[in-house]
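An overview of the molecular structure
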Amino acid sequence: PVVVLKGKFTGSQKGKWIRNGLVIFQFWISIILMIGTLVIQQQMEFMSAKSLGFDREQVLVVERAFGLGPVARTMIEEFKRLPEVAGAAGSFAMPGDEGNFFGIQFQPEGSSEILTTKTMVVADGLPEVMSMQLLDGRWFAENANDSLNLVLNEAAVKVLGIENPIGRTLMEVRQTPEGNISLPMKIIGVVRDFNFMSLRDQVTPLVLQSNESYGGANQFIAVRVKSGQISQAIKSIEAKWKEVAPEQGFKFSFLVQTLNEQYKSEQQSANLFAIFSGLAIFVSCIGLFALSAYITSLRTKEIGVRKVLGSSVAGVVFLLSKDFTRMILIAFALAVPMAWYIMETWWLQNFAYRITINAWIFLTAGGVALLIAWITVSYQSVKAAVQNPIGALRSE
């Protein structure tokens, strides 16, 4: 306390280390948070832009179709006739809706091994409405009985170990009160892998089954709307729904919004990182501003002497800024490996499909921190540089 009251502590080497250490620590935290914010934002943009194997844009999903029963087919046909609609089809499951993709067991022909895959029950025309890519064979068709037919994705073909799958038979193993029964199912098509779950997971084996196998039931109606006609399409679809099924409530969602909802927690993380990054930078700037004012006051006479000897304003500003620049660079050097470790091993590992952390992310965060630091200390530096050197030399 005696040393502090005498004013000797802050001017000592120990006091200098504490002050500089606090500035470095504050900007170390700030740079880590900035890097985290940039990484999360880039990952979110990557997921929004990544091709999922189907076209998620312009797809309106009408819910509660299960309650329509046989009227659902009439509803779909009415939707197709609307001028704003490019296509419509029913489905028992939609991408991103994990609860409606249930497990199913198959036994490959000539094998004793039973394999479990996910299954997606769809109506005729759903793959075309969703713009899924058929690699081989055909889709389910209205003029065909597809109750015992299957369409496999690439992952399912690989796991089942089937060569030339079109026309091959899989035995579906169904559990009944009387015991397991085997139902022969014919492979009629192979669809390119598409992300029916979130991008946190690799595409797993999937089997598409016709809803004819389940009495023609539909849980949803997928409607592809023509570009630029979303608002009018919603009005027309709702009016048609109320006309065909007035007793049934109308509810809809957009497929792209449903898929984005899967990453709600990640978006919240991005917002939190941005908020705390801003707060950390603000606190750091307050400390840096106070420290620059203090350092400038200690070097008032030195600045006066330098100006008398011919030093320019730019030279004085550089003199006062270089120490702070050095501190920011030290904070940056310490923050980069820590930020990389946190984001690489803690956050990005949650995604099967993810970005690679680029160097520009680190350089951007460091550049922003350095720019903010320069702006913060520039007021005190310029103020000291332009003052009258005679007044500075006379000050006590």
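One can find the structure itself at the top, above this paragraph.
Since the model is a prediction, treat every value here as computed from it, not as a measurement.

Topic: the overall build of the protein
Scanning the protein for helices and strands turns up 12 helices and 11 strands. Classification of the 396 residues of the protein by burial places 45% in the buried group. The contacts of the protein with a sequence gap of at least 6 include a subset with a gap of at least 24, amounting to 79%. Carbon and sulfur atoms form 59% of the exposed surface of the protein, whose accessible area is close to 20,200 Å².

A short note on helix 3 (residues 71-81)
Within the span of helix 3, buried status applies to Ala-72, Met-75, Ile-76 and Phe-79. Each buried residue of helix 3 lies within a common arc of 100° when the element is viewed along its axis, so the set occupies one face. For helix 3, exposure combined with an orientation more than 90 degrees from the buried face picks out Arg-73 and Arg-81. Against strand 1 (59-62), strand 2 (85-91), strand 10 (220-225) and helix 6 (230-244) lie the buried residues of helix 3.

Comments concerning helix 6
With 15 residues, helix 6 should cover 21 Å at 1.5 Å per step; its first-to-last C-alpha distance of 21 Å lies within 8% of that length. Among the residues making up helix 6, those that are buried are Ala-233, Ile-234, Ser-236, Ile-237, Lys-240 and Trp-241. Lining the buried residues of helix 6 we find strand 1, helix 3, strand 2, strand 10 and strand 11 (252-254).

Some details on the packing of helix 3 against helix 6
Across the interface, helix 3 lies against helix 6 with an axial gap of 10 Å and an inter-helix angle of 145°. Between helix 3 and helix 6 the crossing geometry is right-handed. For the pair helix 3 and helix 6, the contacting residues are Val-71, Met-75, Glu-78 and Phe-79 in the first and Ile-237, Lys-240, Trp-241 and Val-244 in the second. Looking at the contact of helix 3 with helix 6 residue by residue, the class counts come to 6 nonpolar, no polar and 2 charged.

What to know about the packing of aromatic side chains
Applying the stated criterion across every chain, the model contains 10 aromatic pairs. Within the aromatic cluster, the residues linked to one another by ring pairs are Phe-54, Phe-101, Phe-194 and Phe-196. The ring of Tyr-353 carries the charged tip of Lys-50 above its face, separated from the ring centre by 4.6 Å.

Notes on the pairing of strand 3 (residues 102-108)
Here 5 bridges tie strand 3 to strand 4 (residues 115-122), and the two strands are oriented antiparallel to one another. Paired with Gly-103 across the bridge in strand 4 is Lys-118. Taken together, the 4 bridges between strand 3 and strand 7 (residues 169-176) define a ladder with antiparallel strand orientation. Residue pairing across strands places Gln-105 opposite Val-173, the latter belonging to strand 7.

Some remarks on unusual backbone geometry
Even without a glycine there, the phi angle at Gln-58 is positive, about 60°. Relative to the helices and strands, Gln-58 resides in the loop between helix 2 (13-49) and strand 1. In the Ramachandran plot, Asn-164 falls in the positive-phi region, its phi being about 50° despite a non-glycine side chain. With respect to the helices and strands, Asn-164 occurs in the loop between helix 5 (154-160) and strand 7.

Overview of the nonpolar core
In this structure, Met-120, Met-130, Met-132, Phe-194 and Leu-208 are the most contacted members of the largest nonpolar core, which totals 70 residues. Counting residues per element, this core draws most heavily on helix 2, at 12 residues. Contacts of Leu-208, omitting those with residues within four sequence positions, involve Met-120, Pro-127, Met-132, Trp-139, Phe-140, Asn-149, Leu-150, Val-151 and Phe-194.

Thoughts on the environment of Ala-270
Along the chain, the position of Ala-270 falls in helix 8 (residues 264-298). The exposure class of Ala-270 is buried, given its relative accessible area of 4%. Taking the C-alpha atoms as reference points, Ala-270 and Met-44, 226 residues apart in sequence, are found 8.8 Å from one another.

Examining the pattern of salt bridges
By the definition in use, this model includes 11 salt bridges. Here Arg-224 makes a salt bridge to Asp-55, at a shortest N to O gap of 3.3 Å. You can see Arg-224 sitting in strand 10 and its partner Asp-55 sitting in the loop between helix 2 and strand 1, a full 169 residues away along the chain. With a closest N to O distance of 3.0 Å, Glu-266 and Arg-200 form a salt bridge. One end of the pair, Glu-266, is in helix 8; the other, Arg-200, is in the loop between strand 8 (179-191) and strand 9 (206-210), with 66 residues separating them in the sequence.

Examining a nonpolar patch on the surface
On the surface, Leu-272, Ile-275, Phe-276 and Leu-279 cluster together into a nonpolar patch covering about 400 Å² of accessible area. Mapped onto the fold, Leu-279 is located in helix 8.

Reading guide: rules and limits
Residues numbered from 1 in each chain as written. Predicted model: local features only at pLDDT ≥ 70, side-chain atom pairs only at ≥ 80, totals over all residues. Heavy atoms only, no water. Helix = DSSP H or I, 4+ residues; strand = E, 2+ residues; numbered from the N terminus. Buried < 20%, exposed > 50% of the residue type's maximum accessible area, 1.4 Å probe, protein only. Contact = heavy atoms within 4.5 Å. Areas by Shrake-Rupley, 256 points an atom, 1.4 Å probe, with all protein chains shown as cover. Arc of directions from axis to C-beta. Expected span 1.5 Å × (residues − 1). Axes fitted to C-alpha atoms, helices over the stretch in contact; angles between N-to-C directions. Left-handed = near helix turned anticlockwise from the far one by under 90°. Nonpolar A, V, L, I, M, F, W, Y, C, P; charged D, E, K, R; others polar. Phe/Tyr/Trp six-rings, centres within 6.5 Å; stacked < 30°, edge-to-face > 60°. Lys NZ or Arg CZ within 6 Å of the ring centre and 35° of its normal. Pairing = 2+ DSSP bridges. Core = buried A, V, L, I, M, F, W, Y, C linked by side-chain atoms within 4.5 Å. Salt bridge = Lys/Arg side-chain N within 4 Å of Asp/Glu carboxyl O. Patch = residues over 30% accessible without salt bridge, like charges linked within 9 Å, V, L, I, M, F, W, Y side chains within 5 Å.

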